[in-house]
Amino acid sequence: MAGIYVHIPFCKRKCKYCDFVSLAGVHDYSAYAAALISEIRLYKPLVEGRIFDTIFIGGGTPSLLPIELVCAIVDELRSCFDIVKSPEFTIEANPESLTFEKLNVYRNLGINRLSIGLQSGDDDVLRAIGRIHDKAAFINAFDAARAAGFNNINVDLMHGLPGQSTSSYLDSIRLACKLECEHISSYSLILEEHTQLYSDVINGKITLPDEDTAAEMEDSGFMLMNEFGYMRYEISNFSKPGYECKHNLNYWDNGEYLGLGLNAHSAMHFSNRWVRWANEASLSSYIIKAANGKLPVETTEEIDRDEEMFETIMVGLRKTAGISRRSFVERFGIDPVEHYASAISEAILDGFMEVSDDYIRLSNRGLDFQNEVLLKFM
Amino acid sequence: MAFPRELIRNFCIIAHIDHGKSTLADRLMELTDTVSARDMEEQLLDSMDIERERGITIKSTAVRMFYTHTDGKRYMLNLIDTPGHVDFTYEVSRALAACEGAVLIVDATQGIEAQTLANVYLALDNDLEILPVINKIDLPSADPQNAIHEIEDIIGIPAEDAPQVSAKTGLNVEQLLSRIVTDFPAPTGEIKAPLRALIFDSYYDNYKGALSYVRIVEGVVRAGDKIRFMHSGNEFEVTEVGVFTPRWKPTDELSAGEVGYISASIKSVAETKVGDTITLVDNPAPEPLQGYKHASPMVFCGIYPADGAEYENLRDALEKLILNDASISYEPETSQALGYGFRCGFLGLLHMEIAQERLEREFDLNLVTTAPSVVYRVVTMDGSEHWIDNPSNLPDPSQIERMEEPMCKAHIMTPPEYVGTIMELCQEKRGIFRDMVYLEETRVKLTYNIPLNEIIFDFFDNLKSRSRGYASFDYEIEDYVQSDLVKLDFLLNGDMCDALSTIVHRDKAYSKGRAVAEKLQEVIPRQQFEIPIQAAIGGKIIARETVRALRKDVLAKCYGGDITRKKKLLEKQKEGKKRMRQIGSVELPSEAFMSVLRIN
């Protein structure tokens, strides 16, 4: 089984912390959708025989895209690719761009999971990071989604944000939990170079909570989600039982996925080689290539077996359930406990890892120090 | 045929950093068609990368130019480019001794600056004629009148008719050439006398071996001559003599008054020491030229490869480096913290920094260096004497009868308004006041005895910041004096780190211990456990800081598009870890070892 990711790179305004390929301002959405559709057609013969069980339309802000364009893209996906009957089908949305009508169309298209970018329930914090919605808009959007029949909703949260206190973060969690969303992703802020926030911090215009405060926030927040019945199944992801995001789990199993759209990334086996590729990051190059019937790929990378194994460890240990020893053996013909014997025994001694007959996984403390563990595997 | 002596002019240029010395030299070469504009690489004389980047001159170089004066005669102008830093004072003095005149550049926008003065006085000591030049007059903020006034006031030489030039645009540089001819005396020196050639620098070439850069004071030298270095006694046969165009160009002979190079299949620059006198074996001069000094290293530090496997490469690099710089010394040493490396000696701090930078850059090495140390004289209870340049080798305190440290005589020149703050600084640095003289209304000369140990750390930086760059400073080592010195150690998570130990005066130990512990606390990255940092004198803890435990080390986000990027991040982290030094359970970054040095 494989996943499909569709990237919609447009935003009304770029958030201050964002280093994704997202474009604010006026763009020709139809030209972009046409390019996407032509890209989908180009892949049809290349991925024949693969069955897709998840679709994820992410961004950017996919909910910005006019509804008829979304329909056209989804129709094309279904007509070109072998997709299971009821895939997990997610679309990302920001609160301000969701209407009941739009949500209804999404439902009719078979989209059954909604991921809403709340980030914080604190209007002051939202302003500080350049979001254009407020708490009230989020609640309206959430209610509208429920009314439209979405029964699998993720809420994105962040901590370690400028002006955010632990209690503000905990209040955001409570807001999401009390609405009984099915899934919460909660990321600590990553200050990336080339972002507005980065230069604001460097220039002293904005101060961030220090490392210890951010860690404090995270620990108490994760505990609170646990109390509300959300289980941590990945370093930054929580869900009610049975509502783990299948599409993302596929990434963490180092599975195959096809990324479509601007700067989208893909990974697949081709005649026993593990290949990663990435699409053009420039909108015009992407559109020109796709419109001219060329795969809009910018870089391709063949991953050798050792690297593929390490990748599998790197992403697999993000899951609290860890890596199944049996599936690892099935994929690589060797037991990870044997292949990484010294790294694993060191990590066990450090209290970072747990190993059973079925799995290798990180301990709770190990989840806080995943990088340290991975360095041992390199 | 010897070039007529009366048509030769040997001169150097004295200038503060950034006042346009190299640019002016470039213009002179261009105007005299020494180098065609097409071949002109900016700042031709500073050929080392580091020299260009830092805008400083480290090695002396020279260039021969020809200029036809308004009197119709063709003159030979030899420009010797000299270093300009206190570490190289001796080299500068020899280069100046090779000249009759010095062009003093003063920036019309800045006026006279402190560091220039030390070299002006050095030039006056060598009886050089000084020709002031006002530069950068093309800039809107130029104030030539003020510059003239300052030259007359502070240095006390007339400057009313100083050429006002723009080295950048070339404006009036022609006029300067003419003044070089009219203002500077021709060299004297008898051609018929026995050869005496002053070595003002040397250079190692892969094909020719070590070249002596010389000023022929008296006599003549030709290829085939047997020569003797009068101080070292070494004898060689000359294979080639030549001049600087600025590239080497062989000539038939070099005769009294000329500047050039002598090549004699000399294996290393250590055999052609700056300041030595070259004479002929068959017809030797009775006396060498005055002013020879053996330049011995004053400042020592440990240099280690960041990656232990690079030890051999470091040794090869050092061997090559000293081929061209005889003033560096090195010998193998080992440290518990850093493994195998070398104890290296340098003329001063800048010299040390430059050598490190060249090793890293020209030989592609990653280095860890320890805090610099001077050489202490230690007398133990059994009456024996030890010279200690590495704190780790200090005998047990119970065995030490007494310790002595090198004491300098420091001369500081400053405008009077900074005298107070500079005296404070000297006192902080354990200086003993000797003398204060008003050289003129706007310039005071302070003389202090200051331990070298205090000078090598941050004295010069402090002096500059306290005097806004106006004070200049020069020192010489006088003698060794008894002092109450202790070894200051640092413990990380309970383990002693030998590479951080320093020898300090007892009165300074507490404040220094505290300051270094604080600095270490800043530079040591947080690890999974809390790390106590302790400063200790002979087992007694005098300061403590703590690096708090790291709470998290994890990538918050990792989806399909991130995998390649995150892998790279991890690789970087792994690389960083490789460069860390393990002291017991603690990982220490390279810069921690220099933190002992860089404290305020």
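In this text the structure is predicted, and so the values were computed from the model without any measurement.

1. Considerations on the overall build of chain A
For step 1, the next point in the chain: In terms of regular secondary structure, chain A is built from 16 helices and 15 strands.
For step 2, the next point in the chain: Sorting the 378 residues of chain A into buried and exposed places 55% on the buried side.
For step 3, the next point in the chain: Taking the intrachain contacts of chain A between residues at least 6 apart in sequence as the baseline, contacts between residues at least 24 apart amount to 69%.
For step 4, the next point in the chain: Counting every atom, chain A has about 15,400 Å² of accessible surface; 50% of that belongs to carbon and sulfur.

2. Re empty space enclosed by the protein
For step 1, the next point in the chain: The full count for this structure, using the stated rule, is two cavities of 30 Å³ or more.
For step 2, the next point in the chain: For the largest cavity, the calculated volume is near 360 Å³.
For step 3, the next point in the chain: Of all the secondary-structure elements, those providing two or more residues to the lining of the largest cavity are α3 (89–97), β6 (196–205) and α8 (349–362) of chain B.
For step 4, the next point in the chain: Among the elements that take part in the lining of the largest cavity, α8(B) stands out by supplying four residues, more than any other.
For step 5, the next point in the chain: Residue composition of the lining of the largest cavity, grouped by class: 14 nonpolar, six polar and seven charged.
For step 6, the next point in the chain: Residue lining of the second largest cavity: Cys11(A), Lys12(A), Arg13(A), Cys15(A), Thr61(A), Leu64(A), Asn94(A), Glu96(A), Gly130(A), Arg131(A), Ile132(A) and His133(A), and that is the complete set.

3. As for the sheet that holds strand β14 (residues 353–355) of chain A
Residue and element names in this part refer to chain A.
For step 1, the next point in the chain: With antiparallel pairing, three strands are arranged side by side in an open sheet as β13-β15-β14. The open sheet is flanked by β13 (323–324) and β14, the only strands paired with a single partner.
For step 2, the next point in the chain: Along the sheet, helix α14 (residues 341–349) makes contact with β14 and β15 (359–362), crossing β14 at roughly 115 degrees.

4. Regarding unusual backbone geometry
For step 1, the next point in the chain: Between Gly59(A) and the following residue, Gly60(A), the backbone shows a cis peptide bond with an omega angle of 15 degrees.
For step 2, the next point in the chain: The residue Asn254(A) is not glycine, and still its phi comes out positive at about 55 degrees.
For step 3, the next point in the chain: If you trace the backbone, Asn254(A) turns up in the loop between α9 (246–252) and β9 (257–260).
For step 4, the next point in the chain: Owing to a relative accessible area of 1%, Asn254(A) belongs among the buried residues under this scheme.
For step 5, the next point in the chain: Positive phi values are uncommon outside glycine, yet Asn172(B) reaches one of about 65 degrees.
For step 6, the next point in the chain: Inspection of the secondary structure puts Asn172(B) in the loop between α5 (144–155) and α6 (173–183).

5. Structural notes on the interface of chain B and chain A
For step 1, the next point in the chain: With 25 residues of chain B in contact, the opposing surface of chain A contributes 41 residues.
For step 2, the next point in the chain: Approximately 3,300 Å² of surface area, both sides summed, lies buried where chain B meets chain A, with 50% of it carried by carbon and sulfur atoms.
For step 3, the next point in the chain: On the chain B side of the contact with chain A, Arg551(B), Lys552(B) and Tyr559(B) bury the most area, a combined 20% of that side's loss.
For step 4, the next point in the chain: Counting across the interface, chain B meets chain A through 13 salt bridges.
For step 5, the next point in the chain: Two residues, Arg565(B) and Glu192(A), come together in a salt bridge whose shortest N-O distance is 2.9 Å.

6. Let's talk about the nonpolar core
In globular proteins that are soluble, nonpolar side chains generally tend to be buried together.
For step 1, the next point in the chain: Judged by nonpolar contacts, the single largest core of 73 residues is most densely connected at Phe81(A), Leu114(A) and Leu260(A).
For step 2, the next point in the chain: It is helix α1 (residues 29–43) of chain A that provides the largest number of residues to this core, a total of eight residues.
For step 3, the next point in the chain: With near-sequence residues (within four places) excluded, Leu114(A) lies in contact with Ile91(A), Ala93(A), Leu98(A), Leu103(A), Ala145(A), Phe150(A), Asn152(A), Ile153(A) and Asn154(A).
For step 4, the next point in the chain: Membership of the second largest hydrophobic core comes to 50 residues, among which are Tyr311(B), Leu321(B), Cys344(B) and Leu452(B).

7. Overview of the pairing of strand β2 (residues 51–59) of chain A
Residue and element names in this part refer to chain A.
For step 1, the next point in the chain: Among the nine residues that make up β2, seven are buried, leaving the element largely enclosed by the rest of the structure.
For step 2, the next point in the chain: In terms of strand pairing, strand β1 (residues 2–8) meets β2 through seven bridges, oriented parallel. Residue pairing for β2: Ile-4 is matched across the bridge by Ile-55.
For step 3, the next point in the chain: Read as a crossover between parallel neighbours, the route from β1 over α1 to β2 is right-handed.
For step 4, the next point in the chain: Inspection of the sheet shows β2 paired to strand β3 (residues 82–93) by six bridges, in the parallel sense. Paired with Ile-51 across the two strands is Asp-82, which belongs to β3.
For step 5, the next point in the chain: The handedness of the β2 to β3 crossover, carried by helix α2 (residues 67–80), is right-handed.

8. Notes on the pattern of salt bridges
For step 1, the next point in the chain: Inspection of the entire model under this criterion finds 57 salt bridges over all chains.
For step 2, the next point in the chain: The shortest N-O distance in the salt bridge between Glu354(A) and Arg361(A) comes to 2.8 Å.
For step 3, the next point in the chain: Given a relative accessible area of 32%, Glu354(A) falls into the partly exposed group.
For step 4, the next point in the chain: With a closest N to O distance of 2.7 Å, Arg215(B) and Glu100(B) form a salt bridge.

Conventions and cut-offs
Within every chain, residues take consecutive numbers counted from 1 along the sequence as written. As a convention, the first chain written is A and the first ligand written is 1, with the rest following in written order. Reporting of local features is limited, given that this is a predicted model, to residues whose pLDDT is at least 70; pairs of side-chain atoms are given and counted only at 80 or more, and all residues count toward the totals for whole chains, interfaces and linings. With hydrogens and water set aside, each side-chain value is computed from the structure's full complement of heavy atoms. By definition, any uninterrupted DSSP run of H or I lasting at least four residues is a helix, any uninterrupted run of E lasting at least two residues is a strand, and each is numbered from the N terminus. Burial status follows relative accessibility: with a 1.4 Å probe on protein chains alone, a residue under 20% of its type maximum counts as buried, one over 50% as exposed, and anything between as partly exposed. For this analysis, residues touch if any pair of their heavy atoms sits within 4.5 Å. Accessible surface is estimated by sampling points in the Shrake-Rupley manner with a 1.4 Å probe; for residues, cover comes only from the protein chains shown. Of the two site types, the cavity is a set of points on a 1 Å grid over the protein atoms alone where a 1.4 Å probe fits but cannot get out, and the pocket is an open set with protein on both sides within 12 Å along at least five of seven lines, each lined by residues with an atom within 4 Å of a point. Grid points are joined across faces, edges and corners, and a volume is the space filled by probe spheres set on the points. Gly counts as polar in this scheme, as do all residues outside two lists: the nonpolar Ala, Val, Leu, Ile, Met, Phe, Trp, Tyr, Cys and Pro, and the charged Asp, Glu, Lys and Arg. Paired strands, as defined in this entry, are two strands with at least two bridges between them according to DSSP. Every angle, taken between N-to-C directions, lies between 0 and 180 degrees, and every axis is a line fitted to C-alpha atoms, over only the stretch in contact when it is a helix. Put simply, buried area is the surface a 1.4 Å probe can reach on two separate parts but cannot reach once they are joined, added for both. By definition here, a salt bridge exists when the distance from a side-chain nitrogen of Lys or Arg to a carboxyl oxygen of Asp or Glu is within 4 Å. Only buried residues count toward a nonpolar core. Its members are Ala, Val, Leu, Ile, Met, Phe, Trp, Tyr and Cys residues joined through side-chain atoms within 4.5 Å. Look down the strands so they point away from you; if the path from the first strand over the helix to the second goes clockwise, the crossover is right-handed.

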